[in-house]
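Given next are the chains, with one letter for each unit.
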Amino acid sequence: MDPEVKNSNFSEIITLRPLEVSDVDNLMVWASDERVARFCPWEPNTKREQGLDFIINRAIPHPWLRAICLNGKPIGSISVTKNSGNDACRGEIGYNLAWEHWGKGIATKAVKMAVKAVFEEWGPELERVEGLVDVENVGSQRVLEKAGFYREGLLRRYVVFKGRSRDMVMFSILCSDVENCSL
Amino acid sequence: MRWNPITSREEALTHLETVAIPHPWRRSIGLLDDDDDEDRSIGYISIFPGSGDDRSRANVGYILAAEYWGQGIVTAALRIAVSTVFADLPEVVRLQALVEIEHRASQRVLEKAGFLREGLLRKYGYCKGEIRDLFIYSLLSTDQRRI
C-alpha cells in the first residue's frame, strides 16, 4: 500500500497548476523561510515585491513550473527545466515546499506527478529527468529515491552558491524507469 | 567527440577561426620533429569553463591525430594542462570530463592524469545523433596531481 495514502488524511488532495500573481502571499510563506532556502541558491525573500517579481518574471514565463497545491492552496512549487541542442534529452527537476508540510510524502507525490507530466508532454525528445541534491540535504535525497530516481554518483564541488562549493548527489529517472511509460 | 569529422581544408580553417582560436582555453599538443625548427600541432586539449553560476566548473576535451595514439601523449599533455589551468582560470575549482562507456583508452587517460570517476550518467547526452550513457570524471583544484 502506498505509504502516503496510509499516513495522510483521505480528504487531502495534491494538485499541480501554474502559479498566478494572486498566489504571492502563499508563496511568501515558503519563499521567506530560511529552512526552505537553506540548500537553494537564493536567499529568503523579505519583501512581497520579490515574490511578485518571481511569479511574473520567472514562474509564469517558465517552460514548466507549477504550484504544489494542497486542497487547492499553494504550499510549494516544482519545476522541470529543459535543455537545448545536444542536451535536449534531459531536464532538471527542482522543488520547494513550505516547512510545515515536510515529512508527509507531499514532495514525493509532487515529483512523481511532475515527472509523469513532462515525459508525456515533451514526448520522445525527453529521456531523462535529473535532480542535483546537496550532499547534506538528506531529506531531498530521500524524496527522489522514494519517487523512483536512481542515485548515480557524488559530483564533487559541482556548483558554488552562497559563497562555497557544494558536493551534489546526481539522481536520475529515465522514461523507461517510469511505469506505463508510453515511449 | 561531439562533432563530425572535418573533411576539407576549408572546414578546418573555418573551425579554427570560429571555434578553436576564440576559445577561452585551448592548447595545441605540439610535436617537435628532428627535421623541423618548430613543433607541429598533432592535437589539442580544450578546457571549457561554464558561465554565470556554472563558472566554477570546466569541461575538458582533447583530440589527437590517430597515428599518435597509444603512446601516452594525451596523458602527458593532460598532466601539463592540469598543472597550469587552475592558475590560468582561477574561478575554476572543478574540471570534469564526460566519456562514453566504450572509450576505454580515454578513461585510462583521465585516470592516469588523476581524475576520479564519479558515476555513470544514464542517457545523459547526444553524441552524433544517439543518446548515450556517459561516465563522469572530475579533478579538483585541491586534488593531488602527479605531473
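Keep in mind the model is a prediction, meaning the values are calculated, not measured. (Residues numbered from 1 in each chain as written. Chains lettered and ligands numbered in written order. Predicted model: local features only at pLDDT ≥ 70, side-chain atom pairs only at ≥ 80, totals over all residues. Heavy atoms only, no water.)

**A closer look at the overall build of chain A**
Looking only at helices and strands, one finds six helices and seven strands in chain A. Taken from the N to the C terminus, the helices and strands of chain A come in the order α-β-α-α-α-β-β-β-α-β-α-β-β. C-alpha extents for chain A along the principal axes are approximately 45 × 40 × 30 Å. A buried classification covers 48% of the 183 residues belonging to chain A. Carbon and sulfur atoms provide 50% of the accessible area of chain A, an area that totals close to 9400 Å². (Helix = DSSP H or I, 4+ residues; strand = E, 2+ residues; numbered from the N terminus. Buried < 20%, exposed > 50% of the residue type's maximum accessible area, 1.4 Å probe, protein only. Areas by Shrake-Rupley, 256 points an atom, 1.4 Å probe, with all protein chains shown as cover.)

**Remarks on the interface of chain A and chain B**
Facing 25 residues of chain A, the contacting portion of chain B comprises 25 residues. Carbon and sulfur atoms supply 48% of the area buried between chain A and chain B, which totals about 2100 Å² over both sides. Broken down residue by residue, the surface that chain A buries against chain B is led by A:Arg156, A:Arg157 and A:Tyr158, which jointly contribute 35%. One salt bridge connects A:Arg156 with B:Asp143, and the closest N-O pair in it is separated by 3.0 Å. Taken together, the connections running from chain A to chain B amount to 10 residue pairs in polar contact (both at pLDDT 80 or more). For the side of chain A that touches chain B, the leading source of residues is strand 6 (residues 150–161) of chain A, giving 10 residues. Split by residue class, the side of chain A that touches chain B holds 10 nonpolar, five polar and 10 charged. (Contact = heavy atoms within 4.5 Å. Buried area = accessible area lost by both parts, 1.4 Å probe. Salt bridge = Lys/Arg side-chain N within 4 Å of Asp/Glu carboxyl O. Polar contact = N/O pair within 3.5 Å; in protein donor to acceptor, adjacent residues only side chain to side chain. Nonpolar A, V, L, I, M, F, W, Y, C, P; charged D, E, K, R; others polar.)

**Details of unusual backbone geometry**
Positive phi outside glycine occurs at A:Arg157, with the angle close to 45°. The topology assignment puts A:Arg157 in strand 6. If you check the backbone angles, B:Lys123 has positive phi at about 45° while not being a glycine. One can find B:Lys123 in strand 5 (residues 116–127).

**As for the packing of aromatic side chains**
The final tally for this structure, using the stated rule, is zero aromatic pairs over all chains. A cation over a ring is seen here: B:Arg57 above A:Tyr158, with NZ or CZ 3.8 Å from the ring centre. The aromatic ring of B:Phe135 is capped on one face by B:Arg117, whose charged end is 3.9 Å from the ring centroid. (Phe/Tyr/Trp six-rings, centres within 6.5 Å; stacked < 30°, edge-to-face > 60°. Lys NZ or Arg CZ within 6 Å of the ring centre and 35° of its normal.)

**Points about the pairing of strand 3 (residues 73–82) of chain A**
Residue and element names in this part refer to chain A. A large share of strand 3 lies buried, amounting to seven of its 10 residues. In terms of strand pairing, strand 2 (residues 65–70) meets strand 3 through six bridges, oriented antiparallel. What sits directly across from Cys69, in strand 3, is Pro74. What sits between the antiparallel neighbours strand 2 and strand 3 is a turn of two residues, in which Asn71 has the positive phi angle 50°. With seven bridges connecting them, strand 3 and strand 4 (residues 90–97) associate as antiparallel partners. By the bridge assignment, Ser79 is partnered in strand 4 with Gly94. (Pairing = 2+ DSSP bridges.)

**Looking at the pairing of strand 6 (residues 130–140) of chain B**
Residues and elements named next belong to chain B. Along strand 6, eight of the 11 residues are buried, which leaves the element largely enclosed by surrounding structure. Sheet topology note: the strand 4 (residues 94–100)/strand 6 ladder contains seven bridges and is antiparallel. Across the sheet, residue Arg94 finds its bridge partner in strand 6, namely Leu140. Note that strand 5 and strand 6 share eight bridges and pair antiparallel. For Leu120, the partnering residue across the bridge sits in strand 6 and is Phe135. Between strand 5 and strand 6, which pair antiparallel one after the other, the connecting turn spans two residues, and Lys128 there sits at a positive phi close to 50°.

**Thoughts on the UniProt feature "domain: N-acetyltransferase" (unreviewed entry) in chain A**
Mapped onto this structure's residue numbering, the UniProt feature "domain: N-acetyltransferase" (unreviewed entry) falls at residues 14–167 of chain A. End C-alpha to end C-alpha, residues 14–167 of chain A measures 32 Å, and it is 32% helix and 33% strand. (UniProt positions renumbered as here; feature names shortened; annotations may be inferred.)

**Concerning helix 2 (residues 73–88) of chain B**
Residues and elements named next belong to chain B. The end-to-end C-alpha separation of helix 2 is 22 Å, in line with the 22 Å expected for 16 residues at 1.5 Å each. Of all bends in helix 2, the biggest is about 30°, found at Val82. Looking only at helix 2, the buried set comprises Ile73, Val74, Thr75, Ala77, Leu78, Ala81, Val82, Val85 and Phe86. (Expected span 1.5 Å × (residues − 1). Bend = angle between axes of the 7 residues up to and from the residue.)

**Description of the side chain of A:Arg66**
Along the chain, A:Arg66 turns up in strand 2. Not counting residues within four places of it along the chain, the set of residues in contact with A:Arg66 comprises A:Leu16, A:Arg17, A:Pro18, A:Gly76, A:Ser77, A:Ile78 and A:Glu121.

**Some details on the nonpolar core**
In terms of nonpolar packing, the biggest core is built from 31 residues, with A:Ile78, A:Ile93, A:Val111, A:Val129 and A:Phe149 touching the most fellow members. Taken together, the elements giving at least two residues each to this core come down to strand 2, strand 3, strand 4, helix 5 (106–121), strand 5 (128–134), helix 6 (138–146) and strand 7 (164–174) of chain A. Element by element, the count of residues in this core is highest for helix 5 of chain A, at nine residues. The contacts of A:Ile93, once residues within four sequence positions are left out, are A:Ile78, A:Ser79, A:Val80, A:Val111, A:Ala114, A:Val115, A:Val129, A:Glu130, A:Gly131, A:Leu144 and A:Phe149. Judged by nonpolar contacts, the second largest core, of 30 residues, contains B:Val74, B:Leu89, B:Val99 and B:Phe135. (Core = buried A, V, L, I, M, F, W, Y, C linked by side-chain atoms within 4.5 Å.)

**Focus on the environment of A:Asn96**
All names here are of chain A. Tracing the backbone through its elements, the reader meets Asn96 in strand 4. As for Asn96 and Val143, which are separated by 47 residues in sequence, their C-alpha atoms are 12 Å apart. If we skip the residues at most four places from it in the chain, Asn96 touches Trp30, Val36, Cys40, Trp42, Ile68, Gly76 and Ser77.

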